[in-house]
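What follows is each chain in one-letter form.
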Amino acid sequence: MGWTITIAFLVVLLSKPVHSDAKQDWLQICNMSLPTQTLRTEFTTSVVDHEYLVLFSGYYDHDTRLRYLQSALHGVPARAWSVVERDNPAALYPSDFDLIQMTERTLPDLSILKRHPAIRDVVPHRKVVRTLKYLHDEEDYKPYETLESMSKSRNRKSLSLAAAYWHSPSRRGRNLLRAIPKQITSALQAEILWNMGFTGVGVRVAVFDTGLAEDHPHFKPGRIKDRTNWTHEKTLDDGLGHGTFVAGVIASHKECLGFAPDADIYVFRVFTNNQVSYTSWFLDAFNYAIMKKINVLNLSIGGPDFMDHPFVDKVWELTANNVILVSAIGNDGPLYGTLNNPADQMDVIGVGGINFDNQIAKFSSRGMTTWELPGGYGRVKPDIVTYGSTVRGSALKGGCRSLSGTSVASPVVAGAVTLLYSSVLDREGVINPASMKQALIASARRLPDTAVNMFEQGHGKLDLLRAYQTLRTYKPQASLSPSYVDLTECPYMWPYCSQPLYHGAMPIIVNVTILNGMGVTGKIVDKPVWEPYGPHNGDYIDVSFSYSQTLWPWSGYLAVWIAVNKNAARWEGQAQGHVTLTVQSPAQGEETEPRVSHLKLPIRVKIIPTPPRSQRILWDQYHNLRYPPGYFPRDNLRMKNDPLDWNGDHIHTNFKDMYQHLRSAGYFVEVLGSPFTCFDASDYSTLLIVDPEEEYFPEEVSKLRRDVDQGLSVIVVADWYNTTVMKKVKFYDENTRQWWMPDTGGANIPAVNDLLLPLGMAFSDRVIEGDFMLNDHEINYASGTSIAKFPQDGILVTRTLKDQGHEVVNGDSKPAPNVAVLGLYQTSMPGLGGGRVALYGDSNCLDNSHMKKDCFWLLSALLEYTSHSHLIPAFTNLEPVTLPPAEELPVRMEGNHLHRYSKVIEGHMGTARSRPLPPCPKLVWAKPNHLNVTAASNLYQPQKLLSVNTFDVYHVPLPIGKGDLPDIEAEVKHVPEDTDTGLPHKTERASVFPALAFLGAALVLLFMLNQLYKKRTKPKRKRPRLKNYSRLVQGPSV
Amino acid sequence: MLTIRAFRRRWIFAIFLIILALFLLFQVFNETQSANASVYEVQHTLLRQPFQWHPKVSDVVGESSNITVCRNSVQGRQLIVDERGYICYHEGLTSGGCCSAQLGVSRYNCSTCKNNGCCYVYEHCISCCLEPQKKPILQRILQEARDNKEKLLVSVSDPFELCLAKCRTSSKSVQHENSYRDPSAKYCYGEDPPELQLVAT
């Protein structure tokens, strides 16, 4: 896959906040409730004793509600409460509330009900008497109380959500969109640093992009130190405008200003005008940058291939040679799992985009890094965010233009870093890629919108002045990103905060990045130590570590595995403690002792009693493969511009919405990063296998069969597989200059069929698409497979759809009658304890990547069946379907290379064979070192870096007091100019063109004069012409 | 006899021709200027860059280590090599950036280098490359770089810089762009690229 320039020519993004759904509902409703005359309901209420309304998070039928209540009240004696049955026609339909009656006088603690994930609220039952009257709206408009939200209409329900927003302090009515500042530099208050005399002098900044004209008027003469071309096009100039814009944001000194107008600019042309670029060009260009001793390098580019080892190694080499690399995180948002390389590397400053309203730009890539899947968990990226939407910068031929994209945000940070670098040139010894990143992270401010989590905003928004203050007093040290782990802090610590921990769950993993500003190389001395806080129940959690043996370059990881131990199997509450570790780097210069940094990572988790088996679901991550390393094609064949399946297929990346849906339906979802042989099936009700590409060990197949016999249910959501279609979707990869043939289809159906063989089920190699109705829901079936074999007594849902495989291969559309899309099967007689199996042929309606319409309701219905053995009415009265027999089952494509990327099979004499089954991961829990400390209730504090002379970082003097800082809309008043301030700056372009133009004009003039002269000196010619004229004029009269 | 119309036509035609000629002239001028800039630069500035074969710093390890200042390879994960060809761990560096006399210090260390001049360890590549016997190879490489006007190698000024630059992985180290020709022995001081390893099937 080639590199892409991460720019988006986006115009309309400004007004679109990402988390807009709830907010927009609310805005609409506000608009409706703001006429001058308001219908006001007045009511008197009285509490009905011992009766409580229980509000559920969704609409459930009677039995399900009862089950939820039973599980929520499982500690309370059964006779102590009862459900007040409703005797009205609505009782037949799903509802979102129940009325329960407490028979005992003593009120039990109703908050235990609220802990159940499917229960939204519990309120005392009230008798309400309403009267209506019209009001002239002069009184304060009061938000609705909870009571109002009880009424059963849909609109009101969303209003109660809105009311919650209303109450939150950060929300002040409707936000006005901020005016776009004229200068990006004043939005970050760069003038203050300019006024202190820092303008980038002495810093070498490299722009890796589409080139730059030598004489662009926005750059001070002589500041462009070097221009090199690494492409096959024979020019150094920018033909696109991208490189000019990026360089302008960093160093322009006119019209639209850049941050460091006096920095030395090194232009590297690594992108052609057709946006082509190769790894090898980058390798050579990077080598040149190292030799030129570049200080700051901006890479407004990125791609999904983090397994391009020559490139990734070279980026490490670059930062190891003290080049501060700033890179754009990508424009593939709002989808998760879309981080681009190299911005997703630990040693690189990865920059995301926000708009001038301080909201995450929709296009900004987000989500954890996916390198570490399936066995581990991703790191937090982007590192920081800054303005990347409708930023003004230099246009190709002078003048300004407005652009959006993270490749705009990246040079904003690169420019700021260049300016910062020049402001601390006297402390050059302590400035390195890690310390600069530490300073940016520690000084960044979280976005005011509290709904933005750390996988979207990283550490927050760049704050240039605080970064300056931090850097001014910086002392070489190591630090952690994130600097604390508070799994109760929502939503910043999403997704960790979205599901509490409990005994028996798969351990959760927090992947912390260690930044080491002490030296390019370092190590963790001894082992990290887990120190639980006695008074805070820290003993209830077990902690295990894995970490980088060597921290190089400037960074490493510390993965913390957290699990709840047996003592807390029935306990509920919060547990706290911290991890300490010591990082050491070799002594530098005159130092005699190695440099040492002691770090502390506070941890807080929420623990609940282990939920019942029926609520626990296991997500199979082990059998999901993705690009890179191999070509795993998209799951929806219509999406031709995004050929790859590259978002990680994790519940926290492209299956995020599905995960959230399952959570709010009350399920607990755990992730399996190891083979099926490594989990205890008696803990889980359903194993969820969605869009799998990996093969299966024979041991896994037999174990799963046994598990199903013993009551484990399985849901398989497959995808298309057809070798002819696979050959059709091969493509020529620009970067590797090779034809890419997919190694599986959307899913690996032959492997899935091996897994399903003992159950007598199989999928076909048909590729089906179309829309159909199921249970009053519209379903979009986008490039799915169909069920080819199913047990006779199973339930099958068939629909007539379109044969997309035929269309891809032959070009014309053909209907596919009676395709089996969904199958439900109870493996043995109910009551004998056999599990249930549900098959569905298309994963696109669960996957955020190319989703047209979600089918989360269908997943819920399938889980109702698999976990609770309850069939929704739509599936109960179906006609039995007999599948046509003897359909040939799909076979693996000849000569596929899956074994190169598989964890399960390996190549052997030209054929693939199963590898030996790997041992299951065994964690060694760290020996706890008990501490008797009480900790702060709020773990989050703006990260503080140690400073020299123990003097407060934020008292580094700035020329203007903080209160007097100019507003960002303010016009720029202090533009750094040459010594002749006040005079308009003269353009000093190379004078080739004007001279030529003058010469040309002179030639033309000469020619004309010559003609005129000829005219005058040749009277002979004149006469006939006159004659002609006179003839013409007089002709008619003669 | 020329009519006024014919004359006028020619007149306009001539102006048009002149403008076209000027435009073409400008284009050609511009093109050659920008395209040849790098070649020009290489020929006229970089090729005149003096290349000094003699070492700049004292040869003896640890001798008056407080005074001697060395350039070194900066980047290493563990190892580091100074401009005299001594290899040591980061911990073994003097304040001047030279490898000081201590256990494990070796000079001109080719221990992970293969016969084709490609090494497993970058620092070994540099150390090996600095060995005096390698001078003829370096001379050939330098000459070749000057002939091909390679920006990187023609701007070095002494053997250490040359070895530092030559040993890095580059466009010559890769096949299919995103994989190494030889993932293990990829740092080469010699003239040949790393041996092409077939991708395991």
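Computed from a predicted model, the values in this text were never measured in an experiment. (Residues numbered from 1 in each chain as written. Chains lettered and ligands numbered in written order. Predicted model: local features only at pLDDT ≥ 70, side-chain atom pairs only at ≥ 80, totals over all residues. Heavy atoms only, no water.)

### A short note on helix α9 (residues 279-291) of chain A
Phase 1 of the analysis: Between its first and last C-alpha atoms α9(A) spans 19 Å; for 13 residues at 1.5 Å apiece the expected length is 18 Å, and the two agree.
Phase 2 of the analysis: If you check which residues of α9(A) are buried, you get A:Thr279, A:Ser280, A:Trp281, A:Phe282, A:Leu283, A:Ala285, A:Phe286, A:Asn287, A:Tyr288, A:Ala289 and A:Ile290. (Helix = DSSP H or I, 4+ residues; strand = E, 2+ residues; numbered from the N terminus. Expected span 1.5 Å × (residues − 1). Buried < 20%, exposed > 50% of the residue type's maximum accessible area, 1.4 Å probe, protein only.)

### With respect to the sheet that holds strand β20 (residues 541-547) of chain A
Residue and element names in this part refer to chain A.
Phase 1 of the analysis: Spatial ordering of the open sheet is given by β16-β18-β21-β20, a layout of 4 strands whose pairing is antiparallel. In this open sheet, the two edge strands, each paired with only one partner strand, are β16 (478-481) and β20. The mean inter-strand angle of the sheet, taken between neighbouring strand axes irrespective of direction, is 25°. (Pairing = 2+ DSSP bridges. Axes fitted to C-alpha atoms, helices over the stretch in contact; angles between N-to-C directions.)

### Focus: the interface of chain B and chain A
Phase 1 of the analysis: At the junction of the two partners, chain B supplies 41 residues and chain A supplies 53 residues.
Phase 2 of the analysis: Buried surface at the junction of chain B and chain A, summed over both partners, amounts to about 4,400 Å²; 62% is from carbon and sulfur atoms.
Phase 3 of the analysis: By the criterion of area lost to chain A, the three top residues of chain B are B:Arg77, B:Glu177 and B:Asn178, representing 16% of everything that side buries.
Phase 4 of the analysis: Across the contact surface, chain B and chain A share 1 salt bridge.
Phase 5 of the analysis: Where chain B packs against chain A, one counts 16 residue pairs in polar contact (both at pLDDT 80 or more).
Phase 6 of the analysis: Elements that contribute at least two residues to the side of chain B that touches chain A include exactly α1 (4-46), α4 (151-154) and β6 (179-180) of chain B.
Phase 7 of the analysis: No other element matches α1(B), which puts 13 residues into the side of chain B that touches chain A.
Phase 8 of the analysis: For the side of chain B that touches chain A, the residue count by class is 19 nonpolar, 15 polar and 7 charged. (Contact = heavy atoms within 4.5 Å. Buried area = accessible area lost by both parts, 1.4 Å probe. Salt bridge = Lys/Arg side-chain N within 4 Å of Asp/Glu carboxyl O. Polar contact = N/O pair within 3.5 Å; in protein donor to acceptor, adjacent residues only side chain to side chain. Nonpolar A, V, L, I, M, F, W, Y, C, P; charged D, E, K, R; others polar.)

### Focus on helix α5 (residues 159-167) of chain B
All names here are of chain B.
Phase 1 of the analysis: Within α5, 8 of the 9 residues are buried, which leaves the element mostly enclosed by the surrounding structure.
Phase 2 of the analysis: Within α5, the full set of buried residues consists of Pro159, Phe160, Leu162, Cys163, Leu164, Ala165, Lys166 and Cys167.
Phase 3 of the analysis: Check the buried side of α5 and you find it contacts β1 (79-81), α2 (122-129), α3 (135-148), α4 and β7 (187-188).

### Some details on the state of the cysteines
Residue and element names in this part refer to chain A.
Phase 1 of the analysis: All told, the structure shown has 11 disulfides over all chains when counted by the stated rule.
Phase 2 of the analysis: Note that Cys256 is cross-linked by a disulfide to Cys400, the S-S spacing being 2.1 Å. Here the disulfide of Cys256 and Cys400 is left-handed, its torsion about the S-S bond being about -100°. With Cys256 in the loop between α8 (242-251) and β8 (264-269) and Cys400 in strand β15 (residues 400-403), this pair connects stretches of sequence that are 144 residues apart.
Phase 3 of the analysis: On the basis of relative accessibility, which here comes to 27%, the residue Cys400 falls in the partly exposed class.
Phase 4 of the analysis: Bonded cysteines in chain A are paired 1-2, 3-4, 5-8, 6-7 when counted in the order they occur along the chain. (Disulfide = S-S within 2.5 Å.)

### A look at the packing of helix α12 (residues 433-443) of chain A against helix α14 (residues 464-472) of chain A
The axes of two packed helices give the description: the angle between them and the distance between them.
Residues and elements named next belong to chain A.
Phase 1 of the analysis: Interaxial distance between α12 and α14 falls to 8 Å at its minimum, and their mutual angle equals 130°. As far as their axial angle goes, α14 and α12 are oblique. Read as a crossing pair, α12 and α14 show a hand that is right-handed. Along its contact with α12, which presents Ser435, Met436, Ala439, Leu440, Ala442 and Ser443, the element α14 presents Arg466, Ala467, Thr470 and Leu471.
Phase 2 of the analysis: Of the residues in the contact of α12 with α14, the class split is 6 nonpolar, 3 polar and 1 charged. (Parallel < 35°, antiparallel > 145°, perpendicular 65-115°, else oblique. Left-handed = near helix turned anticlockwise from the far one by under 90°.)

### With respect to the side chain of A:Asn654
Phase 1 of the analysis: Among the structural elements, A:Asn654 can be located in the loop between β24 (616-620) and α15 (656-664).
Phase 2 of the analysis: At 2.9 Å, the side chain of A:Asn654 forms a polar contact with the side chain of A:Asp649.

### A short note on unusual backbone geometry
Residues and elements named next belong to chain A.
Phase 1 of the analysis: The omega torsion across Lys381 and Pro382 is 0°, close enough to zero to call that bond cis.
Phase 2 of the analysis: Relative to the helices and strands, Pro382 resides in the loop between β12 (349-354) and β13 (384-387).
Phase 3 of the analysis: Following Tyr627, the chain continues to Pro628 via a peptide bond in cis, the omega torsion being -25°.
Phase 4 of the analysis: Inspection of the secondary structure puts Pro628 in the loop between β24 and α15.
Phase 5 of the analysis: Even without being glycine, Lys293 reaches a positive phi, approximately 50°.
Phase 6 of the analysis: Along the polypeptide, Lys293 turns up in the loop between α9 and β9 (296-299).
Phase 7 of the analysis: Residue classification places Lys293 among the exposed residues on the basis of a relative accessible area of 56%.

### Thoughts on the side chain of A:Thr210
Residues and elements named next belong to chain A.
Phase 1 of the analysis: With respect to the element layout, Thr210 can be found in the loop between β6 (204-209) and β7 (224-229).
Phase 2 of the analysis: Judged by its relative accessible area of 0%, Thr210 is buried.
Phase 3 of the analysis: Within the local environment of Thr210, its side chain forms a polar contact with the backbone nitrogen of Gly243, the two atoms lying 2.8 Å apart.

### Quick look at a nonpolar patch on the surface
All names here are of chain B.
Phase 1 of the analysis: The grouping of Phe13, Phe16, Leu17, Leu20, Phe23 and Leu24 at the surface amounts to a nonpolar patch, some 610 Å² of accessible area in total.
Phase 2 of the analysis: Here Leu20 shows up in helix α1.
Phase 3 of the analysis: A residue is classified by how much of its surface remains accessible, and Leu20, at 38% relative accessible area, is partly exposed. (Patch = residues over 30% accessible without salt bridge, like charges linked within 9 Å, V, L, I, M, F, W, Y side chains within 5 Å. Areas by Shrake-Rupley, 256 points an atom, 1.4 Å probe, with all protein chains shown as cover.)

### What about the packing of aromatic side chains?
Residue and element names in this part refer to chain A.
Phase 1 of the analysis: Tallied over the entire structure, the rule returns 34 aromatic pairs over all chains.
Phase 2 of the analysis: Relative to Trp552, the ring of Trp316 has its centre 6.4 Å away and its plane inclined at 70°; by these criteria the two rings are edge-to-face. In this pair, Trp316 sits in helix α10 (residues 309-320) while Trp552 sits in the loop between β20 and β21 (555-564), placing the two residues 236 residues apart along the sequence.
Phase 3 of the analysis: When its relative accessible area of 15% is taken as the criterion, Trp552 is described as buried.
Phase 4 of the analysis: Put simply, the rings of Phe208, Trp230, Phe268, Phe282, Phe286, Tyr288 and Phe311 touch in pairs and so form one group of aromatic residues. (Phe/Tyr/Trp six-rings, centres within 6.5 Å; stacked < 30°, edge-to-face > 60°.)

### Thoughts on the confidence of the model for chain A
Residues and elements named next belong to chain A.
Phase 1 of the analysis: On average, residues of chain A score 82 in pLDDT, and 81% of them reach the 70 mark or higher.
Phase 2 of the analysis: Confidence drops under pLDDT 50 across residues 961-991; counting only partners more than four residues distant or on other chains, this segment forms 39 contacts.
Phase 3 of the analysis: Predicted confidence for residues 1019-1038 stays below pLDDT 50, and this span has 5 contacts to residues more than four positions away or in other chains. (pLDDT = per-residue confidence, 0-100.)

### Things to note about the environment of A:Asp793
Phase 1 of the analysis: Secondary-structure assignment places A:Asp793 in the loop between β33 (787-789) and β34 (795-803).
Phase 2 of the analysis: When the C-alpha positions of A:Asp793 and A:Val690 are compared, they lie 24 Å apart, and in sequence the two are 103 residues distant.

### With respect to empty space enclosed by the protein
All names here are of chain A.
Phase 1 of the analysis: In total, this model carries 8 cavities of 30 Å³ or more according to the counting rule given.
Phase 2 of the analysis: Taken as a whole, the largest cavity encloses approximately 120 Å³ of empty space.
Phase 3 of the analysis: Arg446, His459, Tyr492, Tyr940 and Gln943 are, among the 14 residues lining the largest cavity, the residues nearest its centre. (1 Å grid on protein atoms, 1.4 Å probe; cavity = no way out; pocket = protein on both sides within 12 Å on 5 of 7 lines; lining within 4 Å. Points joined across faces, edges and corners; volume = space filled by probe spheres on them.)

### Quick notes on the sheet that holds β12(A)
Residue and element names in this part refer to chain A.
Phase 1 of the analysis: As summarised here, the arrangement of the 7 strands in space is β7-β8-β6-β9-β11-β12-β13, forming an open sheet in which the pairing is parallel. Because the sheet does not close on itself, it has two edges, and the strands there are β7 and β13. Strand-to-strand twist across the sheet, computed as the mean angle between neighbouring axes with direction ignored, equals 25°.
Phase 2 of the analysis: Strand direction decides the pairing type here: β12 and β13, joined by 4 bridges, are parallel. In the strand pairing of β13, Gly352 is matched with Val385.
Phase 3 of the analysis: Here helix α11 (residues 406-423) sits on the sheet and contacts β6, β9, β11 (324-328), β12 and β13; the angle it forms with β11, its principal contact strand, is near 160°.

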